[in-house]
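# Descriptive analysis of the structure
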Amino acid sequence: MLPVFEGPLDLLLHLVRENKVSIWDIPIATICDQYHEAIRAMEQLDLELAGEYLVYATWLLVIKSRMLLPRHGEEEKDPRQELVERLLEYEKVKSAAAELGGLFEIRRGVESLRLQAPVASSELELDLEDLDVFALARALRGVMERHEREHPAAMELEPIRYSVRDKIFELYEIIGQQRSFPLLSHLLTRPDRIESVTLLLAALELLRLKVATAHQRAAFAEIYLMPTGAQLPMEGLTDA
Amino acid sequence: MLEAHALAALIEAVLAVAGEAVPLDGLEAAAGDGVGREAVEEAIEIVRQRHEQAGSGLFLERVAGGVRLATRPEHEGALRAFLGYRSKARLSQAALETLAIIAYRQPVTLPEISFVRGVNCAGVVRTLLERKLVIIAGRKQVVGTPLLYRTSKEFLVQFGLSDLAALPTPEEAEQGSDGGADGA
């Protein structure tokens, strides 16, 4: 298993160190061979990374050939020079990275102190932990009560089956014929309470219009309704 | 004009609610009229010593151009257990190398970073941007006008640096890394 390398420069630095050679005098043939061997072993390189390793593999071959076949003529600089410069540069980066890594490690637990001071913001955050379930229940009850107040249950309205006006005519007719009508027993025997109420209102209306008079001998005794002889006015009758 | 220890107490209170490094200007303003930079510096030193001498779980540090109160690093485990979060993700070797290049050569472009590392660093730089350790600092006026990157204020905070000048020099790094890198 090969160590994991960060790239071609990392691998080259590793080879230089492993061979215990000076970076200023790299035995390029040896390093070049070992480099090619190493990347051949890295079979599962992804394509992008492989390309970067191959660039350096080619470069190493170029340097190796220049070393073997020095050009004639002018004094030429060492073909390894640029590679050495890059390796030194990269080595510096590695040291700096290690230093930063160390700094980062020792500061893992360092967090800013921050007491919760009231914020000047209008958006106050709600601290859910301060809410207890009873406060929640109270709030819910308040909401429900208000809702009921504002939305009262619908009243059930009975269809209008009797009208005071009709009953006035009805009673007027009855007392015209009977002269003395037992109102109370009539009211109490109505099957429908609404009808009784309507009849009572009609009777009161007749009294008000002085079309009828009422007589009662004692409390809770029968109430007799009798005509006065006056005509029932057609105007001014309640419509209810 | 406040007496030195009273000013120290005032500054401590401000730092307690700040939640981040406060520039000295900010502390001076909070202290009110008649308090100069020198008095603030003196008060900061009093606060620092108080925490140090009391063996406090907090300490005063100069970071990112300001001053803050922070928890001592040795309580990391306790904080993590209490707050219920996982440890800060480590920075990979690739991330550290890239960050080092940006820190020492800023502003710097992606091709320049990739050239020094010998590999394409686009993905790593993106990660550093996401972690807010680096920021974009405009474009370089060369062919293709590539983006320039530099380190952020958050970088200074996370690495405990008062400013970029506080970065270890390359020479210091080289000496320190032989023992420190493998031993850490």
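The sections below set out a description of the structure shown in this document. For every chain, the first residue of its written sequence is number 1, and the numbers climb from 1 along that sequence. Note on labels: chains are lettered from A, ligands numbered from 1, in written order. Only residues with pLDDT of at least 70 are given local features in this predicted model, and only at 80 or more are side-chain atom pairs given and counted; all residues enter the totals for whole chains, interfaces and linings.

## Notes on the overall build of chain A
- Per the secondary structure count, chain A includes eight helices and three strands.
- In chain A, which comprises 240 residues, the share counted as buried stands at 20%.
- Throughout, a pair of residues is in contact if the C-beta atoms placed from their backbones lie within 7 Å. Long-range pairs, those at least 24 residues apart, make up 61% of the contacts in chain A between residues at least 6 apart in sequence. Numbering of helices and strands runs from the N terminus, with a helix taken as a DSSP run of H or I at least four residues long and a strand as a DSSP run of E at least two residues long. Neighbour counting defines burial: a residue surrounded by 20 or more other C-beta atoms within 10 Å of its own C-beta is buried, one with 12 or fewer is exposed, and intermediate counts give partly exposed, using backbone-placed C-beta atoms.

## Notes on the pairing of strand β6 (residues 147-151) of chain B
Residue and element names in this part refer to chain B.
- Note that strand β4 (residues 108-109) and β6 share two bridges and pair antiparallel. Note that in β6 the partner of Val108 across the bridge is Tyr149.
- Bridging between strand β5 (residues 134-139) and β6 involves four bridges; their strand directions are antiparallel. Residue pairing for β6: Ile135 is matched across the bridge by Arg150. If DSSP finds at least two bridges between two strands, the strands pair.

## A word on the environment of Ala30(B)
- Within the element layout of this structure, Ala30(B) appears in helix α2 (residues 24-31).
- Taking the C-alpha atoms as reference points, Ala30(B) and Leu10(B), 20 residues apart in sequence, are found 8.5 Å from one another.

## Regarding the sheet that holds β5(B)
- Reading across from one edge, β4-β6-β5 (chain B) is the order of the three strands in this open sheet, with antiparallel pairing throughout. Each edge of the sheet is formed by a strand with only one pairing partner; in this case those strands are β4 and β5 of chain B.

## Some points on helix α6 (residues 164-178) of chain A
Residues and elements named next belong to chain A.
- With 15 residues, α6 should reach 21 Å at 1.5 Å per residue; the first-to-last C-alpha distance of 20 Å fits that figure.
- Taken together, the buried positions of α6 are occupied by Lys167, Ile168, Leu171, Tyr172 and Ile175. All buried residues of α6 fall inside an arc of 140° around its axis, so they share one side. Turned more than 90 degrees away from the buried face of α6, the exposed residues are Asp166, Glu173 and Gln177.
- Residues of α6 that are buried make contact with β1 (181-182), α8 (193-208), β2 (212-216) and β3 (223-227). Given the number of residues in a helix, its expected span is that number minus one, multiplied by 1.5 Å. An arc is given here, and it is the one of the directions from the helix axis to the C-beta atoms.

## Re the interface of chain A and chain B
- Taken together, the contact pairs 35 residues of chain A with 43 residues of chain B.
- Looking at the side of chain A that touches chain B, the elements that each hand over two or more residues are α1 (8-18), α3 (47-68) and α4 (81-106) of chain A.
- Here the side of chain A that touches chain B is composed, by residue class, of 17 nonpolar, six polar and twelve charged. Gly is placed with the polar residues, together with every amino acid not listed as nonpolar (Ala, Val, Leu, Ile, Met, Phe, Trp, Tyr, Cys and Pro) or charged (Asp, Glu, Lys and Arg).

## Points about the sheet that holds β2(A)
All names here are of chain A.
- The strand order β1-β3-β2 describes an open sheet built from three strands, whose pairing is antiparallel. Whereas interior strands pair on both sides, the edge strands pair on one side only; in this sheet they are β1 and β2.
- Pairing of β1 with β3 involves two bridges; the strand directions are antiparallel. Looking across to β3, one finds that Phe181 is bridged to Leu225.

By themselves, these are just geometric observations and shouldn't be taken as functional.
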